[in-house]
Amino acid sequence: MNQPVDLDKDAAGHEDALAAADGARAALTALRGEVAKTVVGQDAVVTGLVIALLCRGHVLLEGVPGTAKTLLVKTLSRALDLDFKRVQFTPDLMPGDVTGSLIYDNRTAEFEFREGPVFTNLLLADEINRTPPKTQASLLEAMEERQVSVEGAARALPDPFVVCATQNPVEYEGTYPLPEAQLDRFLVKLTVPVPTRDEEIAMLQRHAAGFDPRDLSQVRPVAGAADLAAGQAAVRTVHLDPKVAAYVVDLCRATRQSPSLALGVSPRGATALLATSRAWAWLSGRDYVTPDDVKALARPTLRHRVQLRPEAELEGATADGVLEGILAHVPAPR
């Protein structure tokens, strides 16, 4: 016999979910203002970080030294009220220094697992390209499976778990470029620009007034794990029109046929672009994805998933430039 459906209860549950989603959107939007108390002029990068958090994805931050990459992530973690750890990647860093290792306990005469810094909500992998591939690879399982395996035993990581890695694009001596397979694990690659003249003046005025970048006491938590969970649930309900889905696929397929690229976007990249577009649509207050959402997120989501041909690189081509051309030529649905 069929059970009666309680329509009032279902309606109340739906209203509660909508209220939680609206509250989460307001809280995550407020992050910009909190981060701006410490970091000047990086709203676009902060938005990219929030989108990655909503998609449970990882972020690669690239910028020249002194553009506040580390300070940006530290400030964000404080405004999010999440557990945060930082690892300075160096040539002598070992995989166990990141994931943890078994330690012999003389009192119990047994080995016990000592957790590494990867057991956190927000991990800052500072200058990830300064450590050898063996240590870089120690993050692969954590980023993809959200667990760490030591001596055959899998240990789950906290939820949420997001890696924010930084790298310097101008130094090559003593660095180990990330291989394509590991770059593909990052949901987005965000370029951290040098501030504009007005922003740099405002930054100097703050320092002249006594601002200390090591003191983040003025940054208050405005969002937490519950807001992220509500936002993630709401993003999954954002509608995707079949025509927009086809547009995402056409863009990714166009990268595989581009004469300037030796490596195009994989199907994993297409799903990543779908996820970031839905998150941006939801942050913008809509429950459906538009082609403009896809265009806005195409470069940060795809720029690290393509590889230029050597001859194109010699001619001055860039990944962003090639993607810009593809966006201009692939027709968008109306």
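Each value, and the rule that gives it
Residues numbered from 1 in each chain as written. Predicted model: local features only at pLDDT ≥ 70, side-chain atom pairs only at ≥ 80, totals over all residues. Heavy atoms only, no water. Helix = DSSP H or I, 4+ residues; strand = E, 2+ residues; numbered from the N terminus. Rg over C-alpha atoms; globule rule 2.2 N^0.38 Å. Buried < 20%, exposed > 50% of the residue type's maximum accessible area, 1.4 Å probe, protein only. Contact = heavy atoms within 4.5 Å. Areas by Shrake-Rupley, 256 points an atom, 1.4 Å probe, with all protein chains shown as cover. Lys, Arg positive; Asp, Glu negative; His and termini not counted. Charge placed at Lys NZ, Arg CZ, Asp CG, Glu CD. Core = buried A, V, L, I, M, F, W, Y, C linked by side-chain atoms within 4.5 Å. Phe/Tyr/Trp six-rings, centres within 6.5 Å; stacked < 30°, edge-to-face > 60°. Lys NZ or Arg CZ within 6 Å of the ring centre and 35° of its normal. Patch = residues over 30% accessible without salt bridge, like charges linked within 9 Å, V, L, I, M, F, W, Y side chains within 5 Å. Salt bridge = Lys/Arg side-chain N within 4 Å of Asp/Glu carboxyl O. Pairing = 2+ DSSP bridges. Axes fitted to C-alpha atoms, helices over the stretch in contact; angles between N-to-C directions.

Peer 1: Help me out: how do you make sense of the overall build of the protein chain in this one?
Peer 2: If you tally the helices and strands in the protein chain, you get 14 helices and 11 strands. Rg of the C-alpha trace for the protein chain: 22 Å, near the compact-globule value of 20 Å for 334 residues, within the 12% margin. Taken along its principal axes, the extent of the C-alpha atoms in the protein chain is 65 × 60 × 50 Å. When each of the 334 residues of the protein chain is scored for burial, the buried share is 46%. A separation of at least 24 residues holds for 78% of the contacts in the protein chain among residues at least 6 apart in sequence. Working note: accessible area of the protein chain is about 17,100 Å², and carbon and sulfur atoms make up 53% of it. Charge centroids of the protein chain, computed over 35 positive and 44 negative side chains, lie 2 Å from each other.

Peer 1: Help me out: how do you make sense of the nonpolar core in this one?
Peer 2: Note on soluble globular proteins: their nonpolar side chains tend to be buried together. One finds Leu28 and Trp282 to be the most contacted residues of the largest nonpolar core, which totals 70 residues. No other element matches helix H2 (residues 43-54), which puts 8 residues into this core. Non-local contacts of Trp282, meaning those with residues more than four positions away in its chain, are made with Ala21, Ala24, Arg25, Leu28, Leu54, Gly231, Ala234, Val235 and Val238. Judged by nonpolar contacts, the second largest core, of 23 residues, contains Leu60, Leu93, Ile128 and Leu178.

Peer 1: Explain the packing of aromatic side chains to me, please; I cannot follow it from the model alone.
Peer 2: Where two aromatic rings form a pair, the distance of their centres and the angle of their planes describe that pair. In the structure shown here, the tally under the stated rule is 2 aromatic pairs. Where Phe113 meets Phe119, the ring centres are 5.8 Å apart and the plane angle is 70°; that geometry is what we call edge-to-face. Residue classification places Phe119 among the buried residues on the basis of a relative accessible area of 7%. Seen from the ring of Phe113, Arg155 lies directly overhead, with NZ or CZ sitting 4.1 Å from the centre.

Peer 1: Sorry, what's going on with a nonpolar patch on the surface here?
Peer 2: A cluster of nonpolar side chains, contributed by Leu102, Tyr104 and Phe111, occupies part of the molecular surface with about 310 Å² of accessible area. Classification of Phe111 as exposed rests on a relative accessible area of 57%.

Peer 1: Could you clarify how one ought to interpret the sheet that holds strand E2 (residues 84-88) in this entry?
Peer 2: Paired through their backbone hydrogen bonds, the strands of a sheet run either parallel or antiparallel. Strand order in this open sheet of 5 strands is E2-E5-E8-E1-E9, and the pairing throughout is parallel. Edge strands, defined here as strands with exactly one partner in the open sheet, are E2 and strand E9 (188-191). Each neighbouring strand pair of the sheet contributes to a mean axis angle of 20°, computed without reference to strand direction. In this sheet, strand E5 (residues 122-126) lies alongside E2 in parallel orientation, the contact comprising 5 bridges. Within E5, the position partnered with Gln88 by the bridge is Asp126.

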